[in-house]
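Chains, contacts and geometry: an overview
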Amino acid sequence: MTDGMALLGPALGLSAILFSLGVAGVLLRRNVIVLFVCIELMLNAVNLTFVALAQLHGASGQVMVFFVMTVAAAEAAVGLAIILAIFRHKQSVDLQNINLLRG
Amino acid sequence: MTEFLDSIGYGQWILHALVLLPLLGVVPVLLGPESSAKWTALTVTTLELVLSAGLWWALDPSRGTLQLVSTTPWIPTWGISYRVGLDGISLVMVLLTTLMLPISVLGSWRSITKQERGFYAMMLTLLTGLVGVFLALDLFVFYIFFEVMLIPMYFIIGVWGGTNRLYAAIKFFIYTMAGSLLMLVAIVALVWRIQVVTGLTSFSYDHVLQHAGAAGPLAPWLFAAFALAFAIKVPIFPFHTWLPDAHVEAPTAGSVLLAAVMLKIGTYGFLRFAVPFFPQVALSPAVSRIVVVLAVIGIIYGALVAMVQPDIKKLVAYSSVSHLGFVMLGIWAGTLQSVQGSLMVMISHGFSTGALFLLIGMIYERRHTRLIADYGGIARVVPLFSLIFTVVALSSIGLPGLNGFVGEFLVLLGSFAAFPLATVLATTGVIFAAAYLLWALQRMIYNRLDNPENERLTDLNGRELAIMAPLLAGIVWLGLYPAPVLRRMEPAAQRYIQLTRPSHEAAPVAVTGSAARVRP
Amino acid sequence: MNRIDLGSPLGVAMALLPEILLSTWALIVLLVVSWRHETAQDSRLAGWLSLAGLLVSGAGLAALWVTGATPEGLPQMVALDPFRYGASALALLAAAGTVLISLGYLEREGLLAPEYYPLVLLATAGMMFLAGAEDLIVLFLGLEVMSVAVYVLAGYNRADPFSSEAALKYFLIGAFASGFLLYGIALVYGTTGTTNLSIIGAQLSGRPIPLMAALGLGLLLIGMGFKISAVPFHMWAPDVYDGSPTPISGLMATGVKAAAFAALVRVLLEAFPSAIGLWQPIVAGLAIASMAAGNLVALAQQSLKRMLAYSSIAHAGYMLVAVWTGTHAGAGAVLLYLLAYGLTTLASFGLLTALGRGGEREVTYDDIAGLASPRPAIAFGLSVCMLSLLGFPFTVGFIGKWYIISATVAEGQMILPVILVVTSVLSAGYYLPVIMAMYMRPAPGPDHHAAVGLSPTAAAAIALSVAAVLLFGLWPGGLLDLAGTSARTLTQTGLPLAGP
Amino acid sequence: MTEAVFYVFAACAVATASMCVLSRSAMSAVLWLTATMLSLAALYVLLGAEFVAAIQVLVYAGAVMVLFLFVVMLLNLGHPTTDMRGPAAMAATVVIAGLLAIQLFALWSYSPDRLAAEIAQAPEFSDPASLFAAGQATRDDAVARGVVGAVAAPLFEVYLVPFEITSILLLTAIVGAVVLAKRKI
Amino acid sequence: MIASQWVWLAVAFPLAGFLVNGALALRRAPATTAVSIVGPGVLLAAFAVSLGIFFGLLRDPPHQPHMVPLWSWMPVGSLDVTLAFQVDQLSTVMLLVVTGVGSLIHLFSVGYMREDPGYARYFAYLNLFVVFMLVLVLGSNLPTLFIGWEGVGLCSYLLIGFWFSEKANADAGKKAFIMNRIGDFGVLAAMFLLWRELGTLEFADIAARAPAGLAPGGAIVTLITLFLFLGCTGKSAQIPLYTWLPDAMAGPTPVSALIHAATMVTAGVYLVARTNVLFAMAPLSSALVAGVGAVTALFAATIALRQYDIKKVLAYSTVSQLGYMFLGVGSAAFAGGIFHLVTHAFFKALLFLGAGSVIHAMHHAYHATHSHEDAQDMRNMGGLRQHMPVTFWLMTIATLAIAGIPPFSGFFSKDEILASAFARGAEMPVYYVFYAFGLAAALLTAFYMARLIAMTFLGDNRSGAEERRHLYEAPWIMTGPLLVLGILSVIGGVINLPVFAGGHHALEGWLEPVTAAGAAFARVELPHGSTELALVGGAVLVGAVGLLLGYRATLTRKTPPAREAPADTGLALVLNRKYYVDEIYDAAVVRPLVWLSRVVLWKGVDQGLIDGAAVNGSARVSRGFGWLGSRLQTGQVGVYVVFFLVGALWILRAMIR
């Protein structure tokens, strides 16, 4: 039993709060980049959960954090490219202006 | 005749041939030139009629069971096989169908001028569906035929129909589908219940019929689903509103087949499936009361609404609602007379209403209006048409001596024992029938000839007479000498009663004991 | 019986043969296109090469399938069972169809960057990982490979603001949903200490589901619900289908959906059979909402492409009904329905490409009026597709619905099938008008349909699909057996499945 | 002591995350998020994942966030107007995110003992130490092979397949990014 | 002599005539000669057959009816309806009347209708009518009878609407058919009840089984008879279904004579007589029959007082006389009813044909002068005695007969009915009231008949000076039949001479085997001696007074021609407009029904509720929801996320128990 293990609950709780904050950001913001930033925040929150649980279940939890980071990087690359593409069309990254498709 | 049929192995192949022949006929219709489509269709349908005629002798009239049964495995995993067969009830329905098809083809001879190939291909497809429905002895196969018919009819109405055809076509389709899809769930559920009890998954009619009791507490729901599908098809009040639209917009052949054959699928479904599967539910006092009340409402309501229609086709459509109400009443009364009567009404309604639609189509071709008000006094100009129209109308009214009477009389006579009050109310339908048809007759062919356009009408030609001749012959023959037909159907009707009886005493016992009401 | 030891590298290589072949092939195609990426011919070359890659991968898949490959002991990372093979085959089939349709489409639309095809291959590889995932991490990564590729493909028409917008929306909500999915994986992992589906199943069996696992399951369902576009996680779908290049919309509706459904079924049946009481109501709710909303909103559409998008939501609802059962029969039904729906939808989107240009967004019901006489084959094909989507007998769509209803009824459940058929009736309200417009209404102008046409490859692919739709509708026996037996091998932990 | 440090950094993380969500410009949002990530890295250390913490700082905060910054600057979105939604959306956000937080915050109550109890189903036998042997093994491994080795071994052995998939993922992302972002293809 | 087995020939001849004439009618070219031969010829042949059968029966009166089965019609289980003819005393009487009177009227028609363009069609219909009438009277069971019953209705419909180009005529035909249908409903219902209670529809079996199978005076037999009687009121134009008969005068006059006086309308009386056992077992029904008959007799007679159309007078007279017949059969005097039926057939046919002859002459006169005056309005006639003496004398004979003046035929038959009603009064005092009604009706009958004769034949001629020169007696082909009928009207009484007149109730004896079953339950003991003579005297007195009054009332005042006549007022107007019954029916039944059908059922229920609200409504609601969903799809990612999260919250909520 390490000190860290005793922090399991608080770590999980913190991660829940951070996740919700990320969700709040997604709801609250219109700037696509900020939205994406908030999504990154959500991923980070999940990472915290993995790390906290890894104390109990071993290295596999940490391994997963790597995978998550890789995914985040890949998504960032593609996502930012998409943002660039849309910026070329609209000269804006405000979601308010991105509603050609609807109905 | 029987020996001859045996010698060619008729019974072994005929049912398959009847189903497949029209489908094969579609190929030459589609591949051939536009102008020969109708000839091909006529040839195929006539051949079908000739082939099917042999069934009259091939069926053993002394047995009420299903005969000439043939089974081909289809989807063994689900216990589905292509299973066909027939009894007296199917026999007359198939014959009615095969008779109506060449007549409809002839009736479309001049009126269908665009995309003839498509039209006649649809007619042949429809024939397959109709014959298939009456022959199917596997619930899956039945359902498939039941549904598949919608497509050709949908196209016949939608492509070759009147001005409001799109609305009518989609209404027809969705209305019918709404009911049949629920029936699909019911079929699956029933088979599943049976599988739970017997361990055998099979959609075979015999198997399901034998073990339908396994439905247990689900039975009312399953029956409701079956009943809804058939009720829409019949159509029973208040599920009838697709019918006037479909009839009015459909081309002549469509109306004829719709009225003469397709409506019967609903009542046939009740006779073959819904009631025998769930007699305890179907014939329980509560359900009986509902059905009988709806049937009587349909009889009177249909007649009253028919009376005030400005459009002659709509009038006939509503009259169908009225006539089919008799069938429902007879089926539910469950006496031999009433069931036989129902079957007779089904047949004779096919003849009279089919003939009426053909006649309306003929006059429509000349005048391009279906409004009663646009005619008047044309008996002077087209006496032959008027004569035939009158005869057919009288047969529809139920004049004794013509076909309409036999069925109605038997239904009412047989139903009186079971539902006296409803029967008496239903009997008033004969008054209303006279009212609406005679009134229409008067406004169309009698009265003063006051529209100059009507003076140029030409009377029926040879082809049209040839179309009407078999129908008229049938109208008189069935009116005066229906005994052979009744005898063919009797064992099957008796079997229906046996199937529905054990759990439910439909026919009351004689009060006086002087005469046996129903032969056991 | 071909037993594969997943512990050895060789075993892993064998188990992943189709995926490895496909990924490698994608690299080769990438190499080729890096040299030749200028002309239409280059694009076509890449297309044909990709098709070959799909075939090769398919051959690898067939090798596994035919030899009946099963794992030595517990499966790790990837499953080795016919359910995976079936689902992978669906993905390959969808990709092949997409490539065939794209061959002419890209040229017509001037989308000549040939990276398109390797991306399709990579997306397909992702689907296959997703469909075959025996581990939540593989599932997640497969999902991401697929998604990333499809995000790009959705925005492939860079000149088109609609396409970019579709990509953006798909990406944003996709990444958002990934967060939920990941959170779910984390919590499930926290409860069981593993991400292997079978072991999770074993861990969770026979005891009340801990809160953490329950929350994890819920979050997983949310994440998966997005991919299968179940209501209320569906709202991206119409816009994305609408804005994407039409063949990609087809791929999304078929391949992506098939892979996601396969994964969902596997997760629920292998990892959470003991939690069936928890997820059944949710799946039922999603199913009902999807069927109702998908069909209702589709009724209000004018554009065929959007209509198909909404109808895909409805079909997801139908399949969720099958998922709800939690039985082998249900899984088989999902598999069969995926094939039925895939064939039909691919053909539908393919036919849609014939009807217009500019993303086909503006192809409305009015536009196809009177199509039947100048273009009878296209009209016939589209009619068959609509009837199959409607679930009409003699089409494979009917067999699919029948299977779903059978599987559901066998669980004593009547309400879901009834809702299914009732909403199917609603769907007639928008499928039939397609047929009606083509056959029963006059063309708006004399040369209105002059531009309508298909490339030979697309025509061939669509013809094959339509033929298959009809053929399997008539003789579904073999297909049913295949789907049934495939589904029966789904759980290898020996755990009893839920249900009576 | 550990707990106190934990809560300090936890507070930091929440505060910076809140600032990220609420900050006026995209630029500051990205920077605040980087701060959050650094706080998290500290927490990772506390939770015994030193290597992950390092990667978090190097790769995540160092590379990915820089990419974000780069794009923000490329698009030159430094203008002062906020992209915050209106009051209605604000209220909806509070309700929805609040409810979500409440639901997920139930996880706070998890201690290793509770988790062990739930997993083992029999409280009297739920000794976390034996149940969570894997965690202890990793810690021992870290002592033996160093923090990198303790993570690397499973990564390349047990998680070989996912690892390879990530390579495909990255390849896809590269191709995709190039296809979408290149001025001319 | 022809044996009963050949009875089908009597039907086959007119049937063949129908087919031949029908075929001729469809030809464009008229075939007047052929029709003139075939039309009456087949009837004469049928009459010959009938005579043969009659004499065969006379020589060897059977106790059981001869059954002549044709073929099995509706064999269903225990129900085996066979198309069969039944030859017995009653059907033979009817056979003779139908073919005999029918032959005469056919002959008359040759002259009357010769110039009509629908000549062949006319005879086809007329032949067909005879076919059905014979099926009606010969049918051995109710369904077979029903074929004829409805068939005659059909022919009546066709013949009333013979000149269908006039809307009024076509209307009248339709009205007749529908009113008859209302009655037919009763017959059908009665059949259903009989089948349920007795398991048979054969007359012979009914007579045999009813006494044991039904409780005398019980509810069921009462119901059966009431339903049967409903049928009779329709067919025989009794209250409340009588209004069609006066309208039916729209048809050619010989048709009125044959169908609407001599044969078809008496079918109801025949039916009651045929099922006499049932009526005898149901005294309540019998009383109702008698009562309706008596009331109708009086009621119709009052209307006849103020009619100006010669055929309308006769039509109401027919209704009235039919009432007498029902009074008779309702008083259990089944033979008496049939007796009056026969004599009435003679004198009423004569009256109608005579009227036809008059109309024929008037019509020709007006035709010659191109005048558009009404050829049937008695106010335009007067003094025709000079121009057509044969017709005058024959009609006078008939008038005396109908007025009940001895020794004309009507005297005996009417007297017997009144006596029977009086006799029944001993058991049920209400019959005394009926008797009084009958007597009053007799007075009125004599009155309006005298008025008719006076207005038509006596006094000054009012047809106009020019027309007067064109008034001729009808040709021999028309007067010949009239003469025969005249003779029969005089001597018709001999077939059932009462004892006081030296007879022995021959007809009653002849019908004994048929009425025996009923007689077991209700037997009329006719009064004898002084009572009888008092009754007879009273009746004769009433008749004579009526004639006198009518004659004087008509001739003392000057009758203006129709176009100059002042409008009727007060009671006269009410009578002239037939108590406004048609208007009442129209306002109380027809219009509400049409309104109900059109506005409530069709527009309201069908188009509004079912189609509008339920069918299209559900479609519209679905589309509405779809539209709503479509609106929610705003294109804004924020909204999508909100929905996403709502779903997420729901799922997580479900997970936390």
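Conventions and cut-offs
Residues numbered from 1 in each chain as written. Chains lettered and ligands numbered in written order. Predicted model: local features only at pLDDT ≥ 70, side-chain atom pairs only at ≥ 80, totals over all residues. Heavy atoms only, no water. Helix = DSSP H or I, 4+ residues; strand = E, 2+ residues; numbered from the N terminus. Buried < 20%, exposed > 50% of the residue type's maximum accessible area, 1.4 Å probe, protein only. Contact = heavy atoms within 4.5 Å. Areas by Shrake-Rupley, 256 points an atom, 1.4 Å probe, with all protein chains shown as cover. Lys, Arg positive; Asp, Glu negative; His and termini not counted. Charge placed at Lys NZ, Arg CZ, Asp CG, Glu CD. Axes fitted to C-alpha atoms, helices over the stretch in contact; angles between N-to-C directions. Parallel < 35°, antiparallel > 145°, perpendicular 65-115°, else oblique. Left-handed = near helix turned anticlockwise from the far one by under 90°. Nonpolar A, V, L, I, M, F, W, Y, C, P; charged D, E, K, R; others polar. 1 Å grid on protein atoms, 1.4 Å probe; cavity = no way out; pocket = protein on both sides within 12 Å on 5 of 7 lines; lining within 4 Å. Points joined across faces, edges and corners; volume = space filled by probe spheres on them. Buried area = accessible area lost by both parts, 1.4 Å probe. Salt bridge = Lys/Arg side-chain N within 4 Å of Asp/Glu carboxyl O. Polar contact = N/O pair within 3.5 Å; in protein donor to acceptor, adjacent residues only side chain to side chain. Pairing = 2+ DSSP bridges. Core = buried A, V, L, I, M, F, W, Y, C linked by side-chain atoms within 4.5 Å. Domains from an automatic or database assignment. Phe/Tyr/Trp six-rings, centres within 6.5 Å; stacked < 30°, edge-to-face > 60°. Expected span 1.5 Å × (residues − 1). Bend = angle between axes of the 7 residues up to and from the residue. pLDDT = per-residue confidence, 0-100. Patch = residues over 30% accessible without salt bridge, like charges linked within 9 Å, V, L, I, M, F, W, Y side chains within 5 Å.

Things to note about the overall build of chain D
Each helix and strand in chain D was counted, giving eight helices and zero strands. Reading the helices (α) and strands (β) of chain D from amino to carboxyl end gives α-α-α-α-α-α-α-α. With respect to the three principal axes, the spread of C-alpha positions in chain D is 60 × 45 × 30 Å. Taking all 185 residues of chain D together, the buried fraction comes to 44%. When contacts within chain D are restricted to residue pairs at least 6 apart in sequence, those whose partners lie at least 24 apart make up 43%. Counting every atom, chain D has about 8700 Å² of accessible surface; 75% of that belongs to carbon and sulfur. For chain D, the distance from the average site of its 8 positive side-chain charges to the average site of its 11 negative ones is 25 Å.

Digging into the arrangement of the chains
By contact count, the dominant pairing among the eight pairs of chains in contact is that of chains A and D. Structurally, chain A and chain B remain out of contact, their C-alpha atoms never closer than 25 Å. For chain B and chain D, which are not in contact, the least C-alpha distance works out to 36 Å.

Thoughts on the packing of helix 13 (residues 304-325) of chain C against helix 16 (residues 396-409) of chain C
Residue and element names in this part refer to chain C. Viewed as axis vectors pointing N to C, helix 13 and helix 16 meet at an angle of 30°, and their least axial separation amounts to 9 Å. The angle between the axes of helix 13 and helix 16 places the two elements in the roughly parallel class. The way helix 13 lies across helix 16 gives a crossing that is left-handed. Contacts between helix 13 and helix 16 involve Tyr318, Met319, Val321, Ala322, Trp324 and Thr325 from the former and Lys401, Ile404, Ala407 and Thr408 from the latter. The residue inventory of the contact of helix 13 with helix 16, partitioned by class, reads seven nonpolar, two polar and one charged.

Quick look at empty space enclosed by the protein
Rolled over the atoms, a probe sized like a water molecule indicates the empty space that remains. Residue and element names in this part refer to chain E. Considering all chains together, one arrives at 16 cavities of 30 Å³ or more under this definition. Estimates place the volume of the largest cavity at around 100 Å³. Phe339, Phe412, Asp415, Glu416, Ala419, Asn496, Pro498, Phe500, His505, Leu526, Pro527 and Glu532 together form the lining of the largest cavity. Per element, the largest residue contribution to the lining of the largest cavity is four residues, and it comes from helix 17 (residues 409-424).

A closer look at the interface of chain A and chain D
Facing 73 residues of chain A, the contacting portion of chain D comprises 83 residues. Carbon and sulfur atoms make up 78% of the area that chain A and chain D hide from each other, which totals about 6900 Å². Three residues stand out in chain A for area buried against chain D, namely Leu28(A), Arg29(A) and Phe66(A), and they jointly supply 10% of the buried area on that side. Between the two partners, chain A and chain D, sit one salt bridge. Notably, a salt bridge pairs Asp83(D) with Arg29(A), separated by 2.7 Å at the nearest N-O pair. Linking chain A with chain D are 16 residue pairs in polar contact (both at pLDDT 80 or more), by the criterion used here. Of all the elements in the fold, those that place two or more residues in the side of chain A that touches chain D are helix 1 (3-6), helix 2 (8-28), helix 3 (32-57) and helix 4 (59-90) of chain A. At 25 residues, helix 4 of chain A tops the list of elements feeding residues into the side of chain A that touches chain D. Class assignment of the residues belonging to the side of chain A that touches chain D gives a composition of 53 nonpolar, 15 polar and five charged.

Digging into the interface of chain C and chain B
The interface is formed by 36 residues belonging to chain C together with 34 residues belonging to chain B. Of all residues in chain C, the largest losses of buried area upon contact with chain B belong to Phe392(C), Trp402(C) and Met440(C), amounting jointly to 24% of the total for that side. Counting every contact that joins chain C to chain B gives zero salt bridges. Our count for the chain C to chain B interface comes out at five residue pairs in polar contact (both at pLDDT 80 or more). Secondary structure elements with two or more residues in the side of chain C that touches chain B: helix 15 (376-390), helix 16, helix 17 (415-440) and helix 19 (477-488) of chain C.

Here we look at the packing of helix 5 (residues 88-107) of chain B against helix 17 (residues 336-367) of chain B
Residue and element names in this part refer to chain B. For the pair helix 5 and helix 17, interaxial distance at closest approach is 11 Å and the crossing angle is 5°. Taken together, the axes of helix 5 and helix 17 lie roughly parallel to each other. When helix 5 is examined against helix 17, the residues Ile89, Val92, Met93, Leu96, Leu99, Met100, Ile103 and Gly107 are found in contact with a partner set consisting of Leu343, Met346, Ile347, Gly350, Phe351, Leu358 and Glu365. Classifying every residue of the contact of helix 5 with helix 17 by side-chain character gives 12 nonpolar, two polar and one charged.

Regarding the pairing of strand 2 (residues 79-87) of chain E
When a strand is regular, its side chains alternate between the sheet's two faces. Residue and element names in this part refer to chain E. Buried residues dominate strand 2, accounting for eight of its nine residues. Both strand 1 (residues 66-76) and strand 2 contribute to a ladder of nine bridges, which runs antiparallel. Paired with Val68 across the two strands is Phe85, which belongs to strand 2. Counting the residues in the hairpin turn of strand 1 and strand 2 gives two residues, including Gly77, whose phi is positive at 60°.

A word on the nonpolar core
Ranked by size, the top nonpolar core spans 807 residues in total, and within it Phe226(B), Phe270(B), Phe277(B), Trp332(B) and Phe180(C) carry the most contacts. Mapping this core onto the domain boundaries places at least three of its residues in each of domain 1 (1-109) and domain 2 (117-185) of chain D. Those residues in contact with Phe180(C) that lie beyond four places of it in its chain are Phe19(A), Val23(A), Met42(A), Leu219(C), Ile222(C), Leu100(D), Phe644(E), Leu645(E) and Ala648(E).

Looking at the side chain of Ser50(C)
Structurally, Ser50(C) can be placed in helix 3 (residues 40-67). A relative accessible area of 0% means that Ser50(C) is categorised as buried.

Let's talk about the packing of aromatic side chains
Residues and elements named next belong to chain B. Under the counting rule described, the total for this entry stands at 88 aromatic pairs over all chains. Between Phe119 and Trp160, the aromatic rings sit 5.1 Å apart at their centres with planes inclined by 75°, giving edge-to-face as the arrangement. One end of the pair, Phe119, is in helix 6 (residues 116-135); the other, Trp160, is in helix 8 (residues 150-160), with 41 residues separating them in the sequence. Exposure class is identical for Phe119 and Trp160. Each is buried.

Focus on helix 11 (residues 246-271) of chain C
All names here are of chain C. Taking 1.5 Å per residue, 26 residues should reach 38 Å; helix 11 reaches 36 Å between its end C-alpha atoms and fits that length. At Met252, helix 11 shows its maximal kink, close to 30°. Within helix 11, 26 of the 26 residues are buried, which leaves the element mostly enclosed by the surrounding structure.

Some details on the pattern of salt bridges
Taken as a whole and assessed by the stated rule, the structure comprises 37 salt bridges over all chains. A salt bridge links Arg145(D) to Asp141(D); its shortest N-O distance comes to 3.1 Å. Highlighted residues: Arg145(D) and Asp141(D), both in helix 7 (residues 133-156), separated by four residues, approximately one helical turn. With a shortest N-O distance of 3.5 Å, Glu427(E) and Arg424(E) are connected by a salt bridge. Note on Glu427(E): relative accessible area 56%, which makes it exposed. Salt bridges sharing partners connect three or more residues here, namely Lys90(A), Glu165(C), Lys169(C), Asp239(C), Asp242(C) and Arg306(C).

Quick look at the environment of Phe389(B)
Along the chain, Phe389(B) turns up in helix 18 (residues 383-397). Ignoring any residue separated from it by four or fewer positions in sequence, one finds Phe389(B) in contact with Ile312(B), Leu356(B), Leu359(B), Ile360(B), Leu441(B) and Met444(B).

Some thoughts on the confidence of the model for chain C
It should be kept in mind that the predicted coordinates are not to be read in detail where pLDDT is low. In this model, chain C carries a mean pLDDT of 90, and residues with pLDDT of at least 70 account for 97%. Note on residues 492-500 of chain C: pLDDT under 50 across the span, and 23 contacts to partners over four residues away in sequence or across chains.

Focus on the side chain of His247(B)
Residues and elements named next belong to chain B. Tracing the backbone through its elements, the reader meets His247 in helix 12 (residues 242-249). Taking relative accessible area as the criterion, His247 reaches 0% and is therefore assigned buried. Among all residues touching His247, those that are not within four sequence positions of it are Ser255, Leu258, Ala259, Lys313, Ala317, Ser320 and Phe357.

Remarks on a nonpolar patch on the surface
A cluster of nonpolar residues, Trp477(B), Tyr481(B), Trp6(E), Trp8(E), Leu70(E) and Trp71(E), forms a patch on the protein surface that exposes about 600 Å² of accessible area. A relative accessible area of 41% places Trp477(B) in the partly exposed class.

Quick look at the environment of Leu53(A)
Along the chain, Leu53(A) falls in helix 3. Separated by 42 residues in sequence, Leu53(A) and Ala11(A) have C-alpha atoms that sit 9.1 Å apart. Not counting residues within four places of it along the chain, the set of residues in contact with Leu53(A) comprises Leu8(A), Leu12(A), Ala186(C), Tyr189(C), Gly190(C), Met212(C) and Leu115(D).

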